[in-house]
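What the coordinates show
What follows is each chain in one-letter form.
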Amino acid sequence: MLKAISGISLSMMVFAGCSSGEEAVPSAAASAPASQPAQSAESARLRAALLPVPKGMSIAYGPELGAFGSLKSIQQGLEAIRQAKLQRPECAGAAQLDAAEPDVAAAPAAVIAFSAARGSITQAVVSMPAQAFPEPLPKQCAAYTADVAGTQVTYKTKTLEMPAKGDQSRAYLTTAAGGEKNAQIGSVMIRRGTLIMSMLVVGQRVKPQGLYELARLADQNLARVTR
């Protein structure tokens, strides 16, 4: 099954010459139709869970609100995966939420992306109908190759020993190397109750300690909106 936008799909955009910020994504105010009070309250809660703009970065798009599977940012990630030829197709979105699952696709969500010359941060917060958390990365997905826009890219992923966050948490660091381009993708997943936060940091070098600090800030926001 195809998964939600992942660090792998973001790196595919980089290698294909299409950054996540190049195609404008409408803001929540422009893209979300009028909603009932309960929906508006949930949207406000999800938006409040998102990170503020990190120092030295700007908003590339968002915040975008709506059903998780219908968000434009998610669709871009899925399209990047479809256009690539993976040695192990099951690894493209492993350890991520599966936007092909009906309950996940319909779940209320908020997404925002930040960018700077040194890289990008993409964050999603999803309100699931029940407590759920993605399975750990399968062993066969620790290393594999893919053809991305004619470039042979090698992906190597390791599990990071991030301090525990929320009710469940997990972090990975992926190195993508191919041609003259190289990138690292740090990924974090945190669950508090039925809220799941996914964050992806892409750059030439991603430092685990910096990733952990972003995770701490994101978890603080989750704790505040789930009290």
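Residues numbered from 1 in each chain as written. Predicted model: local features only at pLDDT ≥ 70, side-chain atom pairs only at ≥ 80, totals over all residues. Heavy atoms only, no water.

Right, let's get into the overall build of the chain. Along the backbone of the chain there are 6 helices and 9 strands. The contacts in the chain between residues at least 6 apart in sequence include a share of 69% that link residues at least 24 apart. As presented, the chain carries roughly 10700 Å² of accessible surface, and 52% of it is formed by carbon and sulfur atoms. (Helix = DSSP H or I, 4+ residues; strand = E, 2+ residues; numbered from the N terminus. Contact = heavy atoms within 4.5 Å. Areas by Shrake-Rupley, 256 points an atom, 1.4 Å probe, with all protein chains shown as cover.)

What follows is about the environment of glycine 119. Relative to the elements of secondary structure, glycine 119 occurs in strand β4 (residues 119-127). The exposure class of glycine 119 is buried, given its relative accessible area of 18%. Excluding residues within four positions of it along the chain, glycine 119 makes contact with Met57, Phe114, Val202 and Gly203. (Buried < 20%, exposed > 50% of the residue type's maximum accessible area, 1.4 Å probe, protein only.)

Here the focus is the pairing of strand β9 (residues 195-203). A regular strand places its side chains so that they alternate between the two faces of the sheet. Counting buried positions along β9 gives 9 out of 9 residues, so the element sits mostly inside the fold. What you see with β9 is no split at all: Leu195, Met197, Met199, Val201 and Gly203 on one side and Ile196, Ser198, Leu200 and Val202 on the other are buried throughout. As paired elements, β4 and β9 share 9 bridges and run antiparallel to each other. Residue pairing for β9: glutamine 123 is matched across the bridge by methionine 199. As judged from the 9 bridges shared by strand β8 (residues 181-192) and β9, these two strands associate in the antiparallel manner. Residue methionine 189 lies in a different strand from β9, and its bridge partner there is serine 198. Where β8 hands over to β9, the hairpin turn is made up of 2 residues, of which glycine 193 adopts a positive phi near 60°. (Pairing = 2+ DSSP bridges.)

We now examine the environment of methionine 162. Turning to its location among the elements, methionine 162 is positioned in the loop between β6 (151-159) and β7 (168-178). In this structure the C-alpha to C-alpha distance between methionine 162 and glutamate 213, which are 51 residues apart in sequence, comes to 9.9 Å. Dropping the residues within four chain positions of it, methionine 162 is found in contact with Ser169, Arg170, Ala171, Val188, Tyr212 and Ala215.

Glancing now at the sheet that holds β4. Pairing within the open sheet is antiparallel, and its 9 strands lie in the order β1-β3-β4-β9-β8-β7-β6-β5-β2. The open sheet has two edge strands, β1 (58-67) and β2 (85-86), and neither has a second partner. Direction of pairing for strand β3 (residues 108-116) relative to β4: antiparallel, over a ladder of 8 bridges. The residue bridging alanine 110 from the neighbouring strand is valine 125, located in β4. Set on the sheet, helix α6 (residues 208-225) makes contact with β4, β7, β8 and β9; between it and β8 the angle comes to about 30°. (Axes fitted to C-alpha atoms, helices over the stretch in contact; angles between N-to-C directions.)

On inspection of all chains with the given rule, the structure shows 4 salt bridges. Residues aspartate 167 and arginine 191 are paired through a salt bridge, measuring 3.7 Å at the closest nitrogen-oxygen approach. Residue aspartate 167 is found in the loop between β6 and β7, and its partner arginine 191 is found in strand β8; the two are separated by 24 residues along the sequence. Judged by its relative accessible area of 46%, aspartate 167 is partly exposed. (Salt bridge = Lys/Arg side-chain N within 4 Å of Asp/Glu carboxyl O.)

Okay, the pairing of strand β5 (residues 143-148) next. Only one face of β5 is buried, namely the one carrying Tyr144, Ala146 and Val148, since none of Ala143, Thr145 and Asp147 on the opposite face is buried. Judged from the 2 bridges that link them, β2 and β5 form a sheet pairing that is antiparallel. Across the sheet, lysine 85 pairs through a bridge with aspartate 147, a residue of β5. Note that β5 and β6 share 6 bridges and pair antiparallel. Across the sheet, the residue bridging to alanine 143 is lysine 156, located in β6.

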